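Fold and contact review
Listed below, chain by chain, are the residues.
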Amino acid sequence: MSDFSNDIVIRQAEKTHAQEIARLIMTAMTDECCLYYCADGCSLNDFLRMMTYLVNREDSQYSYLNALVAMDGDKVVGISVSYDGGRLHELRRAFIEAAKEYVGKDNSGMDDETQAGELYLDSLAVLPEYRRRGIARRLILATKEKADKLHLPCVGLLVDKGNPDGEALYSSVGFRYLNDSQWGGHEMKHLIL
């Protein structure tokens, strides 16, 4: 493991990173949220299989095409998964169909977490042993650059109201409160940058 975050390279994800990306998406979601989207009797391993499948797809909100990775050599140590909020319903179809097959639950009635006009930062996570080194901040800034290249006016995200550390990180890079929201059975704040 490197001692300095400047040894970490932020770049576009590749399909070969699918399982590592899926695991980090689940870290961002929390186990409780992952299980919220599963039928009774399904496990986190079932959810991981589904998420790996979705990361491998090109038409999923969780696609490797929507992911930036923080790399320490050949190891994925962090991820930022983001997409045009105006494409939410189109991209979410893959999740809804996969959830029926992999985890036995129809999630077609789930709330919208984004809308047109923002690059939605769906998932941001860094491996525990790499935290507090500025990697998440660098991933956020790279996501903002992505929004600029796509000519989207802002980056939006939801942060759990019970996650003050996450909210402090987002505020420190310039995110501001937009409104309250709900996702995955949790009260959330919608922030924009």
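Every value quoted in this text rests on a predicted model; they were computed, and no experiment measured them.

**Things to note about the nonpolar core**
Within the largest apolar cluster, 65 residues are counted, with the highest numbers of intra-cluster contacts made by I21, F47 and M51. The element contributing the most residues to this core is helix α1 (residues 18-29), with seven residues. Residues within four places of M51 in sequence aside, it is in contact with A22, I25, M26, Y62 and F95.

**Considering helix α6 (residues 164-172)**
Considered for burial, the residues of α6 that qualify are G166, E167 and Y170. One side of α6 carries all its buried residues, which in axial view fall inside an arc of 95°. In α6, the exposed positions angled more than 90 degrees off the buried face are occupied by P164 and D165. Packed against the buried residues of α6 are β4 (119-126), α5 (135-149), β5 (155-160) and β7 (186-192). At the C-terminal side of α6, G174 shows a positive phi close to 110°.

**What about the pairing of β4?**
Regular strands have side chains that alternate between both faces of the sheet. Along β4, eight of the eight residues are buried, which leaves the element largely enclosed by surrounding structure. Pairing geometry for strand β3 (residues 75-84) and β4, over seven bridges, is antiparallel. Its bridge partner lying in β4, V81 is registered against S123. For β4 and β5, the ladder comprises two bridges, and the chain directions are parallel. Pairing of Y120 across the sheet is with G156, part of β5. On the question of chirality, the crossover connecting β4 to the parallel β5 by way of α5 is right-handed.

Rules behind the numbers
Residues numbered from 1 in each chain as written. Predicted model: local features only at pLDDT ≥ 70, side-chain atom pairs only at ≥ 80, totals over all residues. Heavy atoms only, no water. Core = buried A, V, L, I, M, F, W, Y, C linked by side-chain atoms within 4.5 Å. Buried < 20%, exposed > 50% of the residue type's maximum accessible area, 1.4 Å probe, protein only. Helix = DSSP H or I, 4+ residues; strand = E, 2+ residues; numbered from the N terminus. Contact = heavy atoms within 4.5 Å. Arc of directions from axis to C-beta. Pairing = 2+ DSSP bridges. Right-handed = clockwise from strand over helix to strand, strands pointing away.

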